[in-house]
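Chain residues, written in single-letter form:
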There are 2 protein chains.
Amino acid sequence: MMGVWTLFTGIAAFPLTPTTEAGIDERAFTGLVTRMVAAGVDSVGALGSTGSYAYLSPAERQQVARLAVEAAGSTPVIVGIGALRTREVRRYAEDAQRAGAAAVLLAPMSYQALTPEEVYGLYETVTAELSVPLCVYDNPGTTHFAFTDDLYARIARLPGVRSIKIPGVPVDPVAAAERVRALRSRLPAEIALGVSGDPFAATGLAAGCDLWYSVLAGVLPVPCIALTRAAQSGDTATAAALSGRLEPLWSVFRSHGSLRTVAAIAESLGLVSTPNLPAPVRGLPADAREAVAAALATLHDLA
Amino acid sequence: MMGVWTLFTGIAAFPLTPTTEAGIDERAFTGLVTRMVAAGVDSVGALGSTGSYAYLSPAERQQVARLAVEAAGSTPVIVGIGALRTREVRRYAEDAQRAGAAAVLLAPMSYQALTPEEVYGLYETVTAELSVPLCVYDNPGTTHFAFTDDLYARIARLPGVRSIKIPGVPVDPVAAAERVRALRSRLPAEIALGVSGDPFAATGLAAGCDLWYSVLAGVLPVPCIALTRAAQSGDTATAAALSGRLEPLWSVFRSHGSLRTVAAIAESLGLVSTPNLPAPVRGLPADAREAVAAALATLHDLA
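Residues numbered from 1 in each chain as written. Chains lettered and ligands numbered in written order. Predicted model: local features only at pLDDT ≥ 70, side-chain atom pairs only at ≥ 80, totals over all residues. Heavy atoms only, no water.

Regarding the overall build of chain A
No. 1: A tally of regular secondary structure across chain A gives 13 helices and ten strands.
No. 2: The C-alpha radius of gyration of chain A comes to 18 Å, within 12% of the 19 Å expected for a compact globule of 303 residues.
No. 3: Each principal axis of the C-alpha distribution contributes one length, and for chain A these read about 50 × 50 × 40 Å.
No. 4: Within the span of chain A, comprising 303 residues, buried residues form 57% of the whole.
No. 5: Long-range pairs, those at least 24 residues apart, make up 73% of the contacts in chain A between residues at least 6 apart in sequence.
No. 6: Carbon and sulfur atoms make up 57% of the accessible area of chain A, which totals about 11000 Å².
No. 7: Positive and negative side-chain charges of chain A, numbering 23 and 27 respectively, have mean locations separated by a distance of 2 Å. (Helix = DSSP H or I, 4+ residues; strand = E, 2+ residues; numbered from the N terminus. Rg over C-alpha atoms; globule rule 2.2 N^0.38 Å. Buried < 20%, exposed > 50% of the residue type's maximum accessible area, 1.4 Å probe, protein only. Contact = heavy atoms within 4.5 Å. Areas by Shrake-Rupley, 256 points an atom, 1.4 Å probe, with all protein chains shown as cover. Lys, Arg positive; Asp, Glu negative; His and termini not counted. Charge placed at Lys NZ, Arg CZ, Asp CG, Glu CD.)

Quick word on helix H12 (residues 258-268) of chain B
No. 1: Where burial is concerned, most of H12 of chain B is hidden: nine out of the eleven residues are buried.
No. 2: Listed in full, the buried residues belonging to H12 of chain B are Leu259, Arg260, Thr261, Val262, Ala263, Ala264, Ile265, Ala266 and Glu267 of chain B.
No. 3: Looking at the packing, one finds that the buried side of H12 of chain B touches helix H4 (116-127) of chain A together with helix H11 (247-256) and helix H13 (286-298) of chain B.
No. 4: At the exit of H12 of chain B stands Gly270 of chain B, carrying a positive phi of roughly 75 degrees.

Considering the nonpolar core
No. 1: The biggest cluster of nonpolar side chains holds 237 residues, and the ones touching the most others in it are Ile155 and Leu216 of chain A together with Ile155 and Leu216 of chain B.
No. 2: Contacts of Ile155 of chain A, omitting those with residues within four sequence positions, involve Val119, Tyr120, Tyr123, Val136, Phe147 and Val161 of chain A. (Core = buried A, V, L, I, M, F, W, Y, C linked by side-chain atoms within 4.5 Å.)

Some words on the pattern of salt bridges
Residues and elements named next belong to chain A.
No. 1: On inspection of all chains with the given rule, the structure shows 34 salt bridges over all chains.
No. 2: A salt bridge links Glu178 to Arg181; the shortest N-O distance between them is 2.7 Å. Of this pair, Glu178 and Arg181 are both found in helix H7 (residues 173-185), three residues apart, which corresponds to roughly one turn of the helix.
No. 3: Of the charged contacts, one joins Asp301 and Arg245 as a salt bridge, the two residues approaching to 2.8 Å between their closest N and O atoms. Remark: Arg245 occurs in helix H10 (residues 236-245) and Asp301 occurs in the segment after helix H13 (286-298); sequence separation between them is 56 residues.
No. 4: On the accessibility criterion, Arg245 (32% relative accessible area) is partly exposed. (Salt bridge = Lys/Arg side-chain N within 4 Å of Asp/Glu carboxyl O.)

Note that all results are geometric; they support no functional claim without further evidence.
Okay, structure coming up:
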C-alpha cells in the first residue's frame, strides 16, 4: 500500500515505449521501468506522450500497461488512456484498471478541433465509469486543445479527478508562483498540480506545484530525482542549479521535441535499440545526436 | 471504365460517415453516396475528414470503403487511408485497394509534430507499395502539419502521386490565380490540383484548380455540381454567384467547422439520424442549427 501515498507527489517518471514496426521491445521497456523505480521515483507514468500511447494498438497498450505494473512493484503506475474517440478512451480506461493502474492519465486528443463542451463531456463520461483517480493531461502541443482555467475548474470537480498535468509555467519565478496560486484558487484542495515540460520543472516546483511529470526521468532518473528532492526540501537554489546543468538537454528538447531527445539519450546509454520510435516519427538528426552525447558527457557525475 | 476518367477532375464529393457508439449507419451512408452519384458528381471521396476516418476502427473503415464502392457503381471512389502510424497507413492502403478504391487520399496525421523528412518518408513508404493513384491531402487544421511548396514538389515526384488537395486559396481572385500558377510551376504536369475548404471553391476553380474536393457536395450535391460546371465552362460569374448564395452556410462552416455543419444539414434534410458524429465530437448548438435551417430555406430552388 505504500505506493499509493506517493501518487501525485514528488516525481512521476514517463518511460519511452521502445517499439518498431514489429512490436514492443518488452525487455527494453521493462528495463526502463525497473531502472527508474530502483532510482526512487514516486510513480511511473506508462503510455504518456513519450510512451507513444497515440501510436499503439489496443493490444500493445494492454501489454505495456501490464509490463509497467509488473516492473514497478509497489511504486504506483499511472496509465495513459487517451484516444481520438470516447469509445476507445472508455475501453482503454477499463484495460488500464484491469492491468493494475493506480491512476489514469487522459489527454483530449483531437483530429476535428474540439469545443470546451465536448472536452468536458469526454471527462464526464469517462470519470463516471472509473474506479481509480484520473489526472487531466493538458498538452496543447500534441492535442491542439487549449484548456482554460474555467474548464480546468469544471473538470476538476468531476468524481475521481485528482491531478492536472499542466504544460509549463512562466519562466519568471514570481510570475510562475502567481500563476500556480491563481490556478489553485480555482480548484478543489485535493487536486495535485503537476508541472510538465521538463525545462520548467525547477521553476514549477518552486512555484508550488505538487509534482513533476517528468520525461527526462524516464532515462535519467537520478538527476531528476535529486532536483525534485531539493525542491521538495525548499532548496530551490540547488534545484535551479541542477536544472541549469541540464540546459544543454533542454535546448535539444526545445528544438527537436522531448520524445526524440529522450530516445536519443536512451540509445546513447544503451538502454534501447535503434530504431525505437513509431514511424513516421524518426530519431534525431546527426547534429542533435552529437549535442545529446556532449551534454551527457558533462553530466557524468549525476547519472 | 468510364469512371476512371472522371477521377481528379470536376467535383469529388465527400460523404459523411454517420456513426454512433454502436457502429456505422450503413443505410444512411449508402443513401448519401447513392444521392451524390445520382446527382452526377465526378468522384466520391469516402473516409475523408468529414467521413470521420480518424475515428473509425480498421473493420469500420473497410466496411465504409466497401459500401462506398458498391453504391458508387461506375463513379470512381477515392478512399482516405490516413493514420498516426505508418504501419496503419500501409494496412489501410491495402484494405482500400482490396475494397475497390480507384485512388487513395493520404493526410499526414500527427500527434508528435512531424518534420518534413518524416512526412516525405511516410509518402515514400506508402507509394512504393501502391497500385492505385494517390492524392496528397493537406489539411493543416486537422493534421497540424504545414506543407511547404518544396515538400509538395518532392512528394509529387513519387510514383503514383496524381493530385494534391490544397486547403484553400487566397480570397482575392488575382492572388488566387497567382498562387495556383506558382504552385503548378513547381509540380509535374500530371498533378491535379484540387481546392478544398468549400468557401474557397469558386475562387479556386476560377484560379485554375482542376477540381473541387467538396464537403458540401456530400449533402447538397446539386448546387455544388452546378457551381463546378459553371466554373468548368469558364462562367466564373455564375460560379461566384452560386457560392455567394451558399455564404450563409460558409459562415457556419467557418464558426463551427465543416463536419458539424454538414452533419446538421444532413439531419435537417432527413438523410441521417441524430446523433451521427463520433463522440467526443458533438453536433451543432441550437443557434447554429437555426442558422443552417434558415440558410437551407433560401436554397430551396437549388436542391
